Amino acid sequence: MSVDLRNVHRCFRCGWCKLPSTFIDYNCPSYVRFHFESYSPGGRLWLIRAWLKKELRWSDRLAEILFSCVGCRNCSENCKMRFKDEVTDWIIAAKSVAIEEGLAPPKVREFLENIAKFGNPWGLPRSQRATWISGVKKYEGDEYLLYLGCESSYLEAGRKVARNVIEVLEAAGISFGILGNEEECDGNEAYMLGEMGLFQELAFKNMKLFQELGVKKVLTISPHAYNAMKKYPARSFEVIHFTQLLYELVKEGKFRFSRMECKVTYHDPCFLGRYNGIYLEPRKILLSIPGLKLVEMKRTRENSFCCGGGSGNFVFDLLHGMESPARVRVREALETGAKVLAIACPICRCMLEDAIKDEGLEEEFEVKDVAEMILDSMKSR
Amino acid sequence: MNKKEVHKALAEIVGEEYVSDSKEDLYIYSRDPGLAEPHEADFVVLPKTVEEVQKIVQLANKERIPVIPAGASLSLSGLTIPYKGGIVIDLRRMDKIIEVNRRSRYVVIEAGVTHGKLKAFLEEQYPDLCHSLPEAPPSATVVGNLMIHGQGHLAQQYGFNSSMVTGLEIVLSSGEICRIGSCALGSYWFSLEPFPIPAGLFLGWFGATGIVTKAGLRLYPKKKLRDVEVFVVEDPNLVPEVIYRVTHTEMAEDITTSAQPYPLMFRDIVMIQIYITGDEEEELEFKRKLIWSSLRDIINSKEGGFMTLAPNMKIAFLERPMSNITRFADVLKGGGFVYCGAIIPIDMFSTALKKLFEIASRNQVTFSHTGRVIGRGHCMMFSFAYPFNREDPESMEKARKAIQESYIATLEIGGIPWKPEPPIQRVLLEKMPRETAELLKRIRSLLDPNGIMNPGNWSV
Ligand SMILES: Cc1cc2nc3c(=O)[nH]c(=O)nc-3n(C[C@H](O)[C@H](O)[C@H](O)COP(=O)(O)OP(=O)(O)OC[C@H]3O[C@@H](n4cnc5c(N)ncnc54)[C@H](O)[C@@H]3O)c2cc1C
Ligand code: SF4
Ligand code: SF4
């Protein structure tokens, strides 16, 4: 990332960036949650400038304003200025300054320190990373290294996604292996929180390990890992998100689907969609299931409304509450009349499952990942 | 009450989460993207209901604390700056589109609904209806626009947006809730008339007489197809005649003008954008033909002609709202522009343009002009716009001077500065006959005896 924070004054604070391109509703998660202009992308940029110019001193409120940006990139997508691509990077760069100056809120610091020390943001022992998983072989020159990532290693919601992906890969006869307890954090959240030193260290460690193992293709469960690894400098391996591979397998006819009458809506994760332009594959997988009806939410694809879990928020959750993005998103999904909210990211799964519980909607519908939908259809024969 | 007690009282009304006196929030709500000097607010509150607005105003009135209603604060004239401190009421949590009456073609909205949201909602639910959309960023509020007599893409056909209002719900400075129009008698919001129209006591007052919490607004037929033709003249004196002829055909939806020094291909010409709409190609073609033939002799004499538009130019002209207008803020890579929107008789177009060139050259600033015809040539909004660089005090000072001179020029040519900043409002009040200013003053003190409503605005 090479952005010059001295250009932050170019923001006009005009607010195109807090809307999706359709304008249907506000689309900046932190603005939706707090509703003060200060929490909108433009307000935040103006405050960053005021802080850097020493018109404002650092405070808990400023910390919350800065770190409640989940890095969803809706602002960069919808800002109308030539510098649009830099908008999210400016916010990340400001987080970097806060981190360097030791100003990050304790929860953020703890998050990063845990990654540095334990390789995961919760500070859980490395030895527990893969204990839950059994019967999956370790990587030894297989075609794919299946990279689970922290969320799929430690969170129950993420583990579900990993189990489903593994089952689908096995059903399709794919050659893959995992790293087990040797797996290291991918560094995406360190990057998004502006801890560039840590990101580089993690990237280096991962690349070194992959090189030693002769890995050619990394298959990620999480779009966050996918996004991070795409940024690794001088990367010598291919990175593939599981939906990309599953779509290829669907096309090759590897799965025998049965009819499954079911109305499904799909939530685009930011790091697959806006960051990496992957919109079609997950949808095509779902649409290949006979009987499945895919209905879109009012904010979809480039305009998807983030679940609020990015940039570490799935752990320190500065956006919790009645108007948390995940709860707002779940209500939006419910409006479609779908019975299943399909996801392609373990963090989204975790955020949205919790939101369904908080909204008391367990009876109405459930979150399932794309791999699980394949399994459901295969099993319903 | 001391500040702490006021904070507590506000928190009891809107909830702790929706009131702030943190310096970060005050920083943002103390300024707007224009060039007006910031003034610090004491509190920002985000009410969700009319009852909450009512209670905030009651509290403020009792304690004699100024209240400043705010939408997106995008007037660029400092109209939501708390000149005397007080409570900024950001109304954007009140964002429900309450009702659309399709057959009577109106919508009822809460104060915080944005132009973007209303446009998107209508496109999705009522694709044959639209409201008059200004070129403001879609994050701007509809009611904020009504309170400054804004104009949108239907201005040529139906006038100022504020003349499209069919009903208002207002919280008065006393905290009383007042309804105006058919909604005062029943559940329909279809018309202000035939009452004596007290809506004029609120529209155009910048919130200095009351806070609008709901508005009824006329919707209009939205045709399936829309196109633009750009007529170009070198002699600005011809512009009023071109507009006269095109408005006579009654075939155009919207007529806008533009002139700018860059890119060079646009220098020394005036462009007149003529928008046409139709449900079928045939209808478009018919309108196009009538417009062309109304200008035939000007074309034949080579004094003007239609421009062939490159596809990207056409897309830019047809975008709604036009993001190019916002992008003007980045011309100096500095995050800002200001404009004086002069409401002028169309006859004064070339005089206004000449003034713009003079002001720009005198102050060594770059500029842009855009204009919009209001009514069938009854008047137009003529903007004198100047970009500035927020990091460059010299460019800010130049733009500031240019904009002041533009206001004065507007008055000199017999125009009315639109959404003027408070110092210019005072100039207007001084310039008008004493009796007229006195009448405005009396209206204001009748509606706001304690002077708490957006003080600094429309005060003599
Ligand atoms: C790039 C750009 C282009 C623009 N183009 C146009 C255009 O084409 N046409 C046009 O008309 N305008 C235009 N504008 C000006 C302005 O942005 C719009 O008119 C906008 O709709 C104003 O809405 P707002 O929410 O920003 O209002 P604000 O600036 O928040 O409010 C405007 C005034 O109304 C008062 N107010 C707000 N809400 C209430 C309420 N509920 N009750 C009482 N008082 C209230 C405020 O105190 C203030 O005095 C443009 C602005 C920009 C930046
Ligand atoms: S980031 Fe872009 S769209 Fe957002 S407020 Fe700033 S200039 Fe406007
Ligand atoms: S990245 Fe997302 S959360 Fe952050 S300011 Fe932009 S829109 Fe808001």
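Residues numbered from 1 in each chain as written. Chains lettered and ligands numbered in written order. Predicted model: local features only at pLDDT ≥ 70, side-chain atom pairs only at ≥ 80, totals over all residues. Heavy atoms only, no water.

Asks: Help me out: how do you make sense of the sheet that holds strand β2 (residues 43-45) of chain B in this one?
Replies: Two modes of strand pairing occur in sheets, parallel and antiparallel, and in both the strands are linked by backbone hydrogen bonds. Residues and elements named next belong to chain B. With mixed pairing, the 4 strands of this open sheet are ordered in space as β1-β2-β4-β3. Strands with a single pairing partner mark the edges of an open sheet, and in this sheet they are β1 (19-20) and β3 (67-70). The pairing of β2 with strand β4 (residues 87-90) spans 3 bridges and is classified as parallel. Bridged to Phe43 within β4 is Ile87. Along the sheet face, helix α1 (residues 3-14) touches β1, β2 and β4 and points at about 5 degrees away from the line of β2. (Pairing = 2+ DSSP bridges. Helix = DSSP H or I, 4+ residues; strand = E, 2+ residues; numbered from the N terminus. Contact = heavy atoms within 4.5 Å. Axes fitted to C-alpha atoms, helices over the stretch in contact; angles between N-to-C directions.)

Asks: Help me out: how do you make sense of the sheet that holds strand β6 (residues 292-295) of chain A in this one?
Replies: Residue and element names in this part refer to chain A. Pairing is parallel across the open sheet formed by 4 strands, whose spatial order is β6-β5-β7-β8. Of all the strands in the sheet, the pair left with one neighbour each is β6 and β8 (366-369). Across the sheet, the mean angle separating the axes of adjacent strands is 35 degrees when strand polarity is ignored. Bridge count between strand β5 (residues 262-266) and strand β7 (residues 340-343): 3 bridges; the pairing is parallel. When the sheet's bridge partners are listed, Thr265 is paired in β7 with Leu341.

Asks: Even after reading the chapter, I still don't get helix α12 (residues 242-251) of chain A, so can you show me in this structure?
Replies: Because an α-helix completes one turn every 3.6 residues, residues spaced three or four positions apart along the sequence face the same direction. All names here are of chain A. Among the 10 residues of α12, 8 are classified as buried, and the element is accordingly described as predominantly covered. Regarding α12, the residues found buried are Phe242, Thr243, Gln244, Leu245, Leu246, Tyr247, Leu249 and Val250. Gly253 sits one or two residues past α12 and shows a positive phi near 75 degrees. (Buried < 20%, exposed > 50% of the residue type's maximum accessible area, 1.4 Å probe, protein only.)

Asks: Would you explain the pairing of strand β12 (residues 225-233) of chain B in this entry?
Replies: When a strand is regular, its side chains alternate between the sheet's two faces. Residues and elements named next belong to chain B. Of all 9 residues in β12, 7 are buried, a share of seventy percent or more. Relative to strand β15 (residues 304-306), β12 runs antiparallel, the two sharing 3 bridges. Its bridge partner being in β15, Phe231 is matched across the sheet by Phe306.

Asks: For this particular structure, what's the right way to read the pattern of salt bridges?
Replies: In total, this model carries 72 salt bridges over all chains according to the counting rule given. The structure contains a network of salt bridges with shared partners spanning Arg13(A), Lys18(A), Glu37(A), Asp90(B) and Arg92(B). (Salt bridge = Lys/Arg side-chain N within 4 Å of Asp/Glu carboxyl O.)

Asks: Sorry, what's going on with the packing of aromatic side chains here?
Replies: Aromatic ring pairs are defined here through the distance separating the ring centres and the angle between the ring planes. For the structure on display, the rule yields 28 aromatic pairs over all chains. Between Trp51(A) and Trp58(A) the ring centres are 4.9 Å apart and the planes differ by 50 degrees, which places this aromatic pair in the tilted class. With a relative accessible area of 8%, Trp51(A) lands in the buried category. Aromatic pair Trp122(A) and Tyr154(A): ring centres 5.8 Å apart, planes at 50 degrees, arrangement tilted. Of this pair, Trp122(A) sits in the loop between α6 (106-118) and β1 (144-147) while Tyr154(A) sits in helix α7 (residues 149-154), and the two are 32 residues apart along the sequence. The exposure class of Tyr154(A) is buried, given its relative accessible area of 9%. An aromatic cluster is built from Phe12(A), Phe328(B), Phe337(B), Tyr339(B) and Trp418(B), whose rings are joined through pairwise contacts. If you follow Lys231(A) out to its NZ or CZ, it ends over the ring of Tyr191(A), 4.2 Å from the centre. (Phe/Tyr/Trp six-rings, centres within 6.5 Å; stacked < 30°, edge-to-face > 60°. Lys NZ or Arg CZ within 6 Å of the ring centre and 35° of its normal.)

Asks: What's the story with the domain arrangement of chain A in this structure? I'm lost.
Replies: By a widespread convention, an interface's size corresponds to the accessible area lost as its parts come together. Residue and element names in this part refer to chain A. You can read the domains of chain A as domain 1 (5-104), domain 2 (122-247) and domain 3 (257-379). One C-alpha centre belongs to domain 1, the other to domain 2; they are set 30 Å apart. Carbon and sulfur atoms make up 65% of the surface buried where domain 1 meets domain 2, a total of about 530 Å² over both sides. Considering only the side of domain 1, the residues that lose the most area to domain 2 are Ile92, Ser96 and Ile99, jointly responsible for 65% of the buried surface there. There are 0 salt bridges connecting domain 1 and domain 2. Scanning the region where domain 1 abuts domain 2 turns up 1 residue pair in polar contact (both at pLDDT 80 or more). Top contributing element to the side of domain 1 that touches domain 2 by residue count: helix α5 (residues 86-100), with 4 residues. Partitioning the side of domain 1 that touches domain 2 into residue classes produces 3 nonpolar, 2 polar and 1 charged. (Domains from an automatic or database assignment. Buried area = accessible area lost by both parts, 1.4 Å probe. Polar contact = N/O pair within 3.5 Å; in protein donor to acceptor, adjacent residues only side chain to side chain. Nonpolar A, V, L, I, M, F, W, Y, C, P; charged D, E, K, R; others polar.)

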